[in-house]
Amino acid sequence: MDILVLKCGGSIMDRLSGDFFQSLKELIRNGIQPVIVHGGGPAINSMLALYNMPPKFKDGLRVTCERTMQIVETVLSGQTNRKLVGMLDKTGLKAIGLNGSDGKCLQAEYINRQELGYVGKVTSVRKETILVWLKEGFIPVITPVASGADGARLNVNADYAAAAIARELGADRCVFVTDVEGIIIEGSVVQETTPGEIETHISSGNIYGGMIPKVQSAMDLLSEGIGKVMIVSGKKAFYSKGKWNGTIIAAKEGIKK
């Protein structure tokens, strides 16, 4: 079974186009099974604001007290996940929503409970929980919420949750669904690149602004053992007629295609 893991950020979810969903259909027709891991940062921040709880971050991770964790899980599983599953259903795709903690699909350990609270790093993925739905023809749509050893729910960075799932499932690549077509240098999308080339572009100023955290997150996944990462747009087709549209970032030269 050829599996593709897509990480869909909360900020792009409301702007996913019909062409994006057509790409998913074409992947399936070509024997590639998608798995989607999603975030929900904007929706979580909106809910926190209703409770007068300013969001706090440390080293890019959301500081998550017990009350914040309740809100995170409620928003991700009860709002964002439902919305994305509904969008897939409306386009004729079979989808099933899964909280990452369901059946201990994602298990995690605290990163630093004193400083970050209920924030975890994935230690294991129960891939059978995902594979059973793939075999039935469903697209699993998974929240980055994990089970801790003490039974607590832990908030996991969606990028790293996607990487852990991709690694455990033996996925060919992990795809970042964003609001841009890929890495753009001098007005053109770069089809293939490596971390070394990206660092050079950052140093020269060709990669700047909001693209820097996107490529850094992608390179982080390579360091987690993923061979290829893609940055694609959720506003257009990212896979059409057997061809990928976006930027492939490969851990090593020679494995970009």
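Residues numbered from 1 in each chain as written. Predicted model: local features only at pLDDT ≥ 70, side-chain atom pairs only at ≥ 80, totals over all residues. Heavy atoms only, no water.

Named according to an unreviewed UniProt entry, the protein is Acetylglutamate kinase originating from Mesobacillus zeae. As recorded by UniProt, the Pathway (unreviewed entry) comment attached to the protein reads in full: "Amino-acid biosynthesis; L-arginine biosynthesis; N(2)-acetyl-L-ornithine from L-glutamate: step 2/4." Database annotation for the protein, UniProt heading Function (unreviewed entry): "Catalyzes the ATP-dependent phosphorylation of N-acetyl-L-glutamate." (UniProt positions renumbered as here; feature names shortened; annotations may be inferred.)

Novice: Outline the overall build of the protein, supporting the account with residue identities and numerical values.
Specialist: What the protein contains, in helices and strands, is eight helices and 18 strands. Scaling as 2.2 N^0.38, a compact globule of 257 residues should have a C-alpha radius of gyration of about 18 Å, and the protein matches this with 18 Å. Judged by the C-alpha coordinates and their principal axes, the protein covers about 45 × 45 × 30 Å. Counting over 257 residues, the protein shows a buried share of 49%. (Helix = DSSP H or I, 4+ residues; strand = E, 2+ residues; numbered from the N terminus. Rg over C-alpha atoms; globule rule 2.2 N^0.38 Å. Buried < 20%, exposed > 50% of the residue type's maximum accessible area, 1.4 Å probe, protein only.)

Novice: Go over helix 8 (residues 211-223) with me, naming the residues and quoting the values.
Specialist: When the terminal C-alpha atoms of helix 8 are compared, their 19 Å separation across 13 residues agrees well with the 18 Å that a helix rising 1.5 Å per residue should span. Residues Met211, Val215, Ala218, Met219, Leu221 and Leu222 constitute the buried set of helix 8. Buried residues along helix 8 cover an arc of 150 degrees about the axis, so they all sit on one side. Where the residues of helix 8 are buried, they touch helix 6 (158-169), strand 11 (174-178), helix 7 (195-204), strand 15 (228-233) and strand 18 (247-250). The positive-phi residue at the C-terminal boundary of helix 8 is glycine 225, with phi of around 105 degrees. (Expected span 1.5 Å × (residues − 1). Arc of directions from axis to C-beta. Contact = heavy atoms within 4.5 Å.)

Novice: Break down the nonpolar core for me, citing the residues and quoting the values.
Specialist: The biggest cluster of nonpolar side chains holds 53 residues, and the ones touching the most others in it are Ile3, Val5, Val35, Ile130, Ile165 and Ile183. When neighbours within four sequence positions are excluded, isoleucine 183 is seen to be in contact with Ser188, Val189, Val190, Thr193, Ile198, Ile207, Met211, Val215, Ile231, Thr247 and Ile249. Listed in part, the 27 residues of the second largest apolar core include Phe21, Ile36, Val232 and Tyr239. (Core = buried A, V, L, I, M, F, W, Y, C linked by side-chain atoms within 4.5 Å.)

Novice: Lay out the packing of aromatic side chains in plain terms, naming residues and giving numbers.
Specialist: Across all of its chains, the model carries six aromatic pairs by this definition. Taken together, a centroid distance of 5.4 Å and an interplanar angle of 45 degrees make the contact between phenylalanine 20 and phenylalanine 238 tilted. Linking phenylalanine 20 in helix 1 (residues 18-29) with phenylalanine 238 in the loop between strand 15 and strand 16 (239-240), this pair joins segments that are 218 residues apart in sequence. Residue phenylalanine 20 shares its accessibility class with phenylalanine 238, and that shared class is buried. Each member of the aromatic cluster is reached from another via a ring pair, and the members are Phe20, Phe21, Phe238, Tyr239 and Trp244. (Phe/Tyr/Trp six-rings, centres within 6.5 Å; stacked < 30°, edge-to-face > 60°.)

Novice: I'd like to hear about the side chain of threonine 80, residue by residue, with values.
Specialist: Position of threonine 80 relative to the elements: it lies in helix 3 (residues 66-90). Judged by relative accessible area, which is 6%, threonine 80 ranks as buried. Not counting chain neighbours up to four residues away, the residues in contact with threonine 80 comprise Met13, His38, Gly39, Gly40, Ala43 and Val75.

Novice: Residue-level account of the sheet that holds strand 10 (residues 153-156), with values.
Specialist: Strand order in the closed barrel made by the four strands is 6-7-10-9, with mixed pairing throughout. Going from strand to strand, the sheet's axes swing by 60 degrees on average, the running direction of each strand aside. Judged from the two bridges that link them, strand 7 (residues 119-125) and strand 10 form a sheet pairing that is parallel. Among the inter-strand pairings, glycine 120 is bridged to a residue of strand 10, identified as valine 156. (Pairing = 2+ DSSP bridges. Axes fitted to C-alpha atoms, helices over the stretch in contact; angles between N-to-C directions.)

Novice: How would you summarise the sheet that holds strand 1 (residues 2-8) if you had to cite specific residues and measurements?
Specialist: Within the open sheet, the eight strands sit side by side as 5-8-2-1-11-15-18-14. Their pairing is mixed. In this open sheet, the two edge strands, each paired with only one partner strand, are strand 5 (95-98) and strand 14 (192-193). Against the sheet, helix 3 engages strand 2 (32-38), strand 5 and strand 8 (139-142), with an angle of about 170 degrees to strand 5.

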